[in-house]
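# Report on the structure
Each chain, letter by letter, is given below.
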There are 2 protein chains.
Amino acid sequence: ISAPFHMELHNEGRPKFIEFPYVSSPHRSLMLDLVSTVETYFDSQLLPCTLPPDVQYYQNQGGTSHASLHIRSGHVSSPIDFILGSWIHCQLPNGGALNITSLSAYLNSSTDSPNFLMELIRSSPTSLVLILDLPPRKDLVLDPEYLQKFYEDTKLEAQRQLLEKIPEVKPYFSSSLYIRSVVSPTAILIRIESEKVERMEEIIEDHVGPVARQVLQLWLDKCASEKREVAETEREYLQKRDELVRTKTIEIDLASSLPRLFGPETADRVMAAVKEYFSA
Amino acid sequence: ISAPFHMELHNEGRPKFIEFPYVSSPHRSLMLDLVSTVETYFDSQLLPCTLPPDVQYYQNQGGTSHASLHIRSGHVSSPIDFILGSWIHCQLPNGGALNITSLSAYLNSSTDSPNFLMELIRSSPTSLVLILDLPPRKDLVLDPEYLQKFYEDTKLEAQRQLLEKIPEVKPYFSSSLYIRSVVSPTAILIRIESEKVERMEEIIEDHVGPVARQVLQLWLDKCASEKREVAETEREYLQKRDELVRTKTIEIDLASSLPRLFGPETADRVMAAVKEYFSA
């Protein structure tokens, strides 16, 4: 594939992705800010998105579900394996809509530093599930120094507690025990139910936003930048673990919901494209 | 050490241990029931407690803190490494008291099945922290079949949800990130604050008790009984992980609190005795 062709594919889906067309203004601003922070930080280390156009943007037959997917691989010299951004919008039978936006960053096996993961799930204008974490890439029980370096010294727990204190915040338990196992002990897994829409937007602007920016900044400063030696024997373990996490994540996140929301054909097409990146 | 001497030491501390003298009647009944269930189940597989008498029961100089510790090793042919039961009672400066009771069971490396862990922490008659879990002995992220077998198929999540539904129940986050990493994705980590003492006793009797008994029964049926082949290469990993978990647990649980509550001399004596069991 030649470079201009790359660029063309990249340019096609990108405006639609960064439009975040179905979410509220504070929600959109936050997503744009995070995406642009990551892209500015890594700049030329990130290759353009080369997903097929009908995976960069897709919808169901009835036109009630729309989605955008944007994946940019890291340059071979970069610790970034790839950055994945997405949004999904689905009209619900009750007249409402489900909106999911996500941004995640996967490092390659040149480092064992944690990844970055954020997902905002709105099943109504007054309801929000937030998943925000730096998922570890090692068994923390076996590596207290890793736990200390990435989770204690970074004071991630203080960020979690900032949100926990808000009266509308409740803990969120993923229905998947595997996802619960993948996240770190300082993972922010919360459900927010507000009485009014305005209050929800205020919570996103004044509380969720600052915490998400801070966690992303910690990830950029402490995980994505620093060189860490990974021994040859460790690397095999790391690749095996990364691959398993990614495979299971697709299975849990996409394999169950995409066919239902977009039909089997589109679901297959999208999953096949994502799988290429997810095999470590 | 001769057998009669064994028995003598055993008999000395045991009545004091099973007395659970400072906790309420439903709390005491629950602990007694759990201890007797485990002891009846394993029966002659459990050796008598051989801790020194001044570790089986100890107090501080002022007589405001009292504690009992009861450890019974498993017979060599048993999958049980040891069973540990304890209670701690400390008068608080405000006139109240802190009461902690615990029961845990550690398997040896003939099996990689999960351990059993329960702790009840009462910092006042209307406050209870419950830690109830079957902590995994492998990295669940790397072993989805282990996760399936011990946590999904056993429906432990349903037990967690039974307690979560009670209005007075809030999630409990251990201040130690290591402890958070050690527990399973279905761990019951809750704080209960009731308005009245009677309601707390009702919650213990009608809700905490049945769930604790059910989780213990699941552990007996699915973890402690079944033979599991552990390959030689796996065994080394298992021993390393078990040892690390135990060492860190002592450090976090005891090394910080015992000197404060019982003075450095008693703390050293107790910790030295416990460490002998905790080195896998």
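Residues numbered from 1 in each chain as written. Chains lettered and ligands numbered in written order. Predicted model: local features only at pLDDT ≥ 70, side-chain atom pairs only at ≥ 80, totals over all residues. Heavy atoms only, no water.

### Thoughts on the confidence of the model for chain A
Counting all residues, the mean pLDDT for chain A is 93, and 96% of those residues have values of 70 or more. Scored by ipTM, the complex comes to 0.92, with pTM at 0.94. (pLDDT = per-residue confidence, 0-100.)

### Overview of the interface of chain A and chain B
Listed as interface residues are 26 residues of chain A and, on the opposing side, 26 residues of chain B. Carbon and sulfur atoms supply 70% of the area buried between chain A and chain B, which totals about 2300 Å² over both sides. The three residues of chain A that bury the most area against chain B are V141, L142 and L177 of chain A, which together make up 28% of that side's buried surface. Counting the contacts that link chain A with chain B gives four salt bridges. Across the pair R241 of chain B and D139 of chain A runs a salt bridge whose closest N-O atoms are separated by 3.0 Å. Elements that contribute at least two residues to the side of chain A that touches chain B include exactly α4 (144–152), α5 (156–164), α6 (177–182) and α8 (232–255) of chain A. In terms of residues, the side of chain A that touches chain B owes the most to one element, α8 of chain A, which gives six residues. Across the side of chain A that touches chain B, the residue classes tally to 15 nonpolar, two polar and nine charged. (Contact = heavy atoms within 4.5 Å. Buried area = accessible area lost by both parts, 1.4 Å probe. Salt bridge = Lys/Arg side-chain N within 4 Å of Asp/Glu carboxyl O. Helix = DSSP H or I, 4+ residues; strand = E, 2+ residues; numbered from the N terminus. Nonpolar A, V, L, I, M, F, W, Y, C, P; charged D, E, K, R; others polar.)

### Side note on the packing of aromatic side chains
Enumeration according to the criterion identifies 24 aromatic pairs over all chains in this entry. Relative to F278 of chain B, the ring of Y106 of chain B lies with its centre 5.3 Å away and its plane at 55°, an arrangement referred to as tilted. In this pair, Y106 of chain B sits in strand β4 (residues 97–107) while F278 of chain B sits in helix α10 (residues 264–278), placing the two residues 172 residues apart along the sequence. Side by side, Y106 of chain B and F278 of chain B carry an identical accessibility label, which is buried. Taken together, the ring pairs in this structure connect Y41, F42, F116 and W219 of chain A into an aromatic cluster. We note K149 of chain B situated over the ring of F150 of chain B; from NZ or CZ to the ring centre the distance is 5.3 Å. One Lys or Arg, R160 of chain B, reaches over the ring of F173 of chain A and ends 3.6 Å from the middle of that ring. (Phe/Tyr/Trp six-rings, centres within 6.5 Å; stacked < 30°, edge-to-face > 60°. Buried < 20%, exposed > 50% of the residue type's maximum accessible area, 1.4 Å probe, protein only. Lys NZ or Arg CZ within 6 Å of the ring centre and 35° of its normal.)

### Here's the deal with the sheet that holds strand β2 (residues 65–73) of chain A
Residue and element names in this part refer to chain A. As summarised here, the arrangement of the eight strands in space is β1-β2-β3-β4-β5-β6-β8-β7, forming an open sheet in which the pairing is antiparallel. Looking along the sheet, the strands with just one partner apiece sit at the ends: β1 (57–59) and β7 (169–171). Adjacent strand axes in the sheet meet at a mean angle of 15°, parallel and antiparallel pairs treated alike. Where β1 and β2 come together, three bridges link them in antiparallel fashion. By the bridge assignment, Q59 is partnered in β2 with H66. (Pairing = 2+ DSSP bridges. Axes fitted to C-alpha atoms, helices over the stretch in contact; angles between N-to-C directions.)

### Some points on the relation of the copies chain A and chain B
Superposition record for chain A on chain B: RMSD 0.0 Å, screw rotation 180°, translation along axis 0.0 Å. Such a combination of rotation and displacement between the chain copies is what one expects of a two-fold axis. Using C-alpha coordinates, one finds that chain A approaches the rotation axis most closely at D139 of chain A, a distance of 2.9 Å. When you check the interface residues of chain A against chain B, 100% turn up at the interface there too, and the contact is symmetric in its surfaces. (Least-squares fit on C-alpha atoms with pLDDT ≥ 70 in both.)

### Quick look at the pattern of salt bridges
For side chains bearing opposite charge, pairing can occur when the charged atoms are close. If you walk through the whole model with that rule in mind, you get 38 salt bridges over all chains. Among the salt bridges present, the one from D54 of chain A reaches R269 of chain A, with a minimum N-O distance of 3.2 Å. One end of the pair, D54 of chain A, is in helix α3 (residues 53–56); the other, R269 of chain A, is in helix α10 (residues 264–278), with 215 residues separating them in the sequence. According to the relative accessible area criterion, R269 of chain A is partly exposed, its value standing at 28%. Between K138 of chain B and D143 of chain B there is a salt bridge, with its nearest N and O atoms 2.8 Å apart.

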